[in-house]
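Chain and residue survey
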Amino acid sequence: MTRNGDPAERAALLRLMAAMHRTTAAYSNFRAAEANARAALATLTHAMAEADAADIANHPDLAYLGAQMRGFYDMPDASGKS
């Protein structure tokens, strides 16, 4: 097809190229959203880990916390007793 070819073929080619550009733009938007979500989840994971570490550091006796948890959830201790 040359530049002076059939206008219908040229229009069809331009529509195809426009569709390809729209697809590429949509894919780029998807990848940008994916990167933003990945960064947000990493930040959330880091904040949750810091909060857990602070809770553990602030608790006076982790053995007592374990006993409380076993009692609350009715879990047997290491010896197999409830």
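This report concerns the structure included in the present document. (Residues numbered from 1 in each chain as written. Predicted model: local features only at pLDDT ≥ 70, side-chain atom pairs only at ≥ 80, totals over all residues. Heavy atoms only, no water.)

1. Details of the overall build of the protein chain
The following threshold applies: In this description a helix means any DSSP run of H or I spanning at least four residues, a strand means any run of E spanning at least two, and both kinds are numbered starting from the N terminus. Buried, partly exposed and exposed residues are distinguished by accessible area as a fraction of the type maximum, computed with a 1.4 Å probe on protein chains only: under 20%, between the cut-offs, and over 50%, respectively. Here the open area of atoms and residues is found with the Shrake-Rupley method and a 1.4 Å probe, where only the protein chains shown may cover a residue.
Regarding its fold elements, the protein chain presents two helices and zero strands. For the protein chain, the proportion of its 82 residues judged to be buried stands at 0%. By element, 63% of the accessible surface of the protein chain is carried by carbon and sulfur atoms, the whole surface being about 7,100 Å².

2. So, a nonpolar patch on the surface
Operational definition: Distance thresholds for patches are 9 Å for like charges and 5 Å for nonpolar side chains (Val, Leu, Ile, Met, Phe, Trp, Tyr), applied to residues having over 30% relative accessible area and no salt bridge. Any carboxyl oxygen of Asp or Glu that lies within 4 Å of a side-chain nitrogen of Lys or Arg is treated as forming a salt bridge with it.
A surface patch of nonpolar side chains, amounting to about 460 Å² of accessible area, comprises Leu13, Leu14, Leu16, Met17 and Met20. The topology assignment puts Leu13 in helix α1 (residues 7–58). Classification of Leu13 as partly exposed rests on a relative accessible area of 32%.

3. A closer look at the pattern of salt bridges
The final tally for this structure, using the stated rule, is two salt bridges. Glu34 is the partner of Arg31 in a salt bridge, and the nearest nitrogen-oxygen pair spans 2.9 Å. Placement of the pair is Arg31 and Glu34 together in helix α1, with a separation of three residues, close to one helical turn. Classification of Arg31 by relative accessible area gives partly exposed; the value is 41%. Across the pair Arg38 and Glu34 runs a salt bridge whose closest N-O atoms are separated by 3.8 Å. Note that Arg38 and Glu34 are positioned in helix α1 at a spacing of four residues, about one turn of the helix. Taking the relative accessible area as the measure of exposure, Glu34 reaches 31% and is therefore partly exposed. Here the salt bridges share partners, and the residues they tie into one network are Arg31, Glu34 and Arg38.

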